[in-house]
Amino acid sequence: YIKDSEIISALFGKVIITNNELQNKPTINVISKINTIDMVPRIGDTVICQITRIQINQVFCDILFLGDYELKSPAKAVIRKEDVREFEKDKVILSDTFIPGDLLKAVILSLGDSKYLYL
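Residues numbered from 1 in each chain as written. Predicted model: local features only at pLDDT ≥ 70, side-chain atom pairs only at ≥ 80, totals over all residues. Heavy atoms only, no water.

A. Expanded view of the overall build of the protein chain. Helices and strands together make up the secondary structure of the protein chain, namely one helix and 10 strands. A burial count over the protein chain gives 23% of its 119 residues as buried. In the protein chain, once contacts between residues fewer than 6 apart in sequence are set aside, the share between residues at least 24 apart is 45%. Of the roughly 8900 Å² that the protein chain leaves accessible, carbon and sulfur atoms contribute 52%. (Helix = DSSP H or I, 4+ residues; strand = E, 2+ residues; numbered from the N terminus. Buried < 20%, exposed > 50% of the residue type's maximum accessible area, 1.4 Å probe, protein only. Contact = heavy atoms within 4.5 Å. Areas by Shrake-Rupley, 256 points an atom, 1.4 Å probe, with all protein chains shown as cover.)

Rendered as structure tokens:
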């Protein structure tokens, strides 16, 4: 995208500029240095996810990384209030613990239902 007349990339990686003879304009490509995969997470896998939405009893997030690999498309996940910690589960206040945009490391506890994995 363009910001203040500069081209900004949403990807991190090697920049390759080629001349597009059909449009008479250069083409800019960014090759990610991070390995991307199209893989299904399993119970016990460690993931990096980003919080997207918070409710009273659960937090919704997108899984971005599975182990050391970036997922091609984020997987949807839920963190239930009772799964945040092992002690004093009834005292957890999710809105005080998480905010949308937070990145966190978690473990997949269950494959959940057809929409969400449980972390």
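B. View of the packing of aromatic side chains. All chains considered together, the criterion is met by one aromatic pair. Here the basic side chain of arginine 53 rests over the ring of phenylalanine 60, its NZ or CZ set 4.0 Å away from the ring centre. Its guanidinium or amino end placed over the ring of tyrosine 118, arginine 80 lies 4.5 Å from that ring's centre, counting from NZ or CZ. (Phe/Tyr/Trp six-rings, centres within 6.5 Å; stacked < 30°, edge-to-face > 60°. Lys NZ or Arg CZ within 6 Å of the ring centre and 35° of its normal.)

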